[in-house]
Amino acid sequence: MLPFRLIFHPAFTVDLGPHVFPAQKYRQVRDRLLETGTADHGDFVVPLPATDDDVRRVHTADYVRKLKDGDFTSAELARMEVPWSRALVEASWLAAGAALEAARRARADGCAIALCGGFHHAFADHGEGFCLVNDVAVATQALRASGEVGRVAIVDLDVHHGNGTASIFAGDADTFTLSLHQERNYPVVKPPSTIDVGLADGTDDDAYLAALDHVLPRAFDAAPELVWYVAGADPYAHDRLGGLALTQAGLRERDKRVFTAARRAGVPVAVTLAGGYAERTADTVSIHAATVAVAADVLRAEAA
Ligand SMILES: [Zn+2]
């Protein structure tokens, strides 16, 4: 049994048709964790969807209405880069609910991992880059509305800049946002996070980890009550939408440093998976599954 819970729902996986986003990865990560004995069935928690009120704390009423009705122009749909469907909308509400569940479980157990989400390209008034609802933002504001959490830090290590998250939390002194990403990649316009680190094409394990070590302590300086870890698998060398050169071992080391820093600071860490478009989807699944295994190692070592 894991020392923390995994948040999973079969409806995270939506049929997108032929698409670069491997929506089947969510189910495959769960299956991999069970097959390898990393997790057992009792480790999984089924989330409820976020409420409309939760979503409207972050997203505009007009955008929420458009999402529910599928009432988008072709330009808006092109910017989303995913085909609208009711199932996709339900999965987006579910991902936000999963993030909220992960945050609550993390506050109880020190860590929790939602096996979905990390939709950091979703803005208050529009979706883009496969992201419709900014799950981390919705969960953060729901926790604040109920008085559970004040200050939070968001450590976004997806290969793409967290533009939606940066925009939503711009000017919010209680939210520290860190984005460590490939500079010459989507999104072209990168609204400022609290700290942005734009990495050069082809950045390898050593250079990446050095850059991470340089900025990661800053996430804990403001004494957050919760840290979100947006653990994208797409800094991987063989990612089709990424241009960095991390190995799977390098990504495990990345995860280890984040979990270790959070535990040393005594801050609960809630994880979302974010991107991952490896040439072999099995590699993306391995990277996400390793995040779970590394978190377990760090928490068990601490308890020992
Ligand atoms: Zn990404």
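Residues numbered from 1 in each chain as written. Predicted model: local features only at pLDDT ≥ 70, side-chain atom pairs only at ≥ 80, totals over all residues. Heavy atoms only, no water.

Comments concerning the overall build of the protein
Within the protein, the secondary structure is distributed over 10 helices and eight strands. A compact globule built from 304 residues should have a C-alpha radius of gyration of about 19 Å, and the protein, at 17 Å, falls within 12% of that. In terms of its C-alpha atoms, the protein occupies a principal-axis envelope of roughly 55 × 40 × 40 Å. The buried share of the protein, reckoned over its 304 residues, is 59%. Pairs at least 24 apart in sequence give 76% of the contacts found in the protein among residues at least 6 apart. Taking the average location of the 29 positive side-chain charges in the protein and that of its 41 negative ones, the two points are 3 Å from each other. (Helix = DSSP H or I, 4+ residues; strand = E, 2+ residues; numbered from the N terminus. Rg over C-alpha atoms; globule rule 2.2 N^0.38 Å. Buried < 20%, exposed > 50% of the residue type's maximum accessible area, 1.4 Å probe, protein only. Contact = heavy atoms within 4.5 Å. Lys, Arg positive; Asp, Glu negative; His and termini not counted. Charge placed at Lys NZ, Arg CZ, Asp CG, Glu CD.)

So, the state of the cysteines
Evaluation of the coordinates by the stated rule reveals zero disulfides. Here C116 stays free of any disulfide, with the sulfur of C131 as its closest cysteine sulfur at 12 Å. Residue classification places C116 among the buried positions, given a relative accessible area of 2%. (Disulfide = S-S within 2.5 Å.)

Side note on the layout of surface pockets
Its volume calculated, the largest pocket comes out at about 190 Å³. Taken together, 18 residues form the lining of the largest pocket, with H121, G129, F130, H160 and Y277 sitting closest to its centre. Class assignment for the residues of the lining of the largest pocket results in eight nonpolar, seven polar and three charged. In this model, the second largest pocket occupies a volume close to 150 Å³. Lining the second largest pocket are D213, L216, P217, E253, K256, R257, T260, A261 and R264. Secondary structure elements with two or more residues in the lining of the second largest pocket: helix 8 (205-221) and helix 9 (248-265). A total of six residues in the lining of the second largest pocket trace back to one element, the largest contributor, which is helix 9. Residue composition of the lining of the second largest pocket, by class: three nonpolar, one polar and five charged. (1 Å grid on protein atoms, 1.4 Å probe; cavity = no way out; pocket = protein on both sides within 12 Å on 5 of 7 lines; lining within 4 Å. Points joined across faces, edges and corners; volume = space filled by probe spheres on them. Nonpolar A, V, L, I, M, F, W, Y, C, P; charged D, E, K, R; others polar.)

Re the coordination of the zinc ion
Of the protein atoms, only D158 (OD), D158 (OD), H160 (ND1) and D234 (OD) coordinate the zinc ion, at distances of 1.9 to 2.8 Å. The coordination sphere of the zinc ion comprises four donor atoms, whose angles at the metal cover 52 to 152°; the geometry is irregular. Read N to C, the donor residues that coordinate the zinc ion are spaced as D-x1-H-x73-D. For the pair shown, D158 and H160 are each scored as buried. (Donors = N, O, S within 2.8 Å, 3.2 Å for Na, K, Ca; no water. Tetrahedral: all angles 85-135°; square planar, octahedral: opposite > 155°, others 65-115°.)

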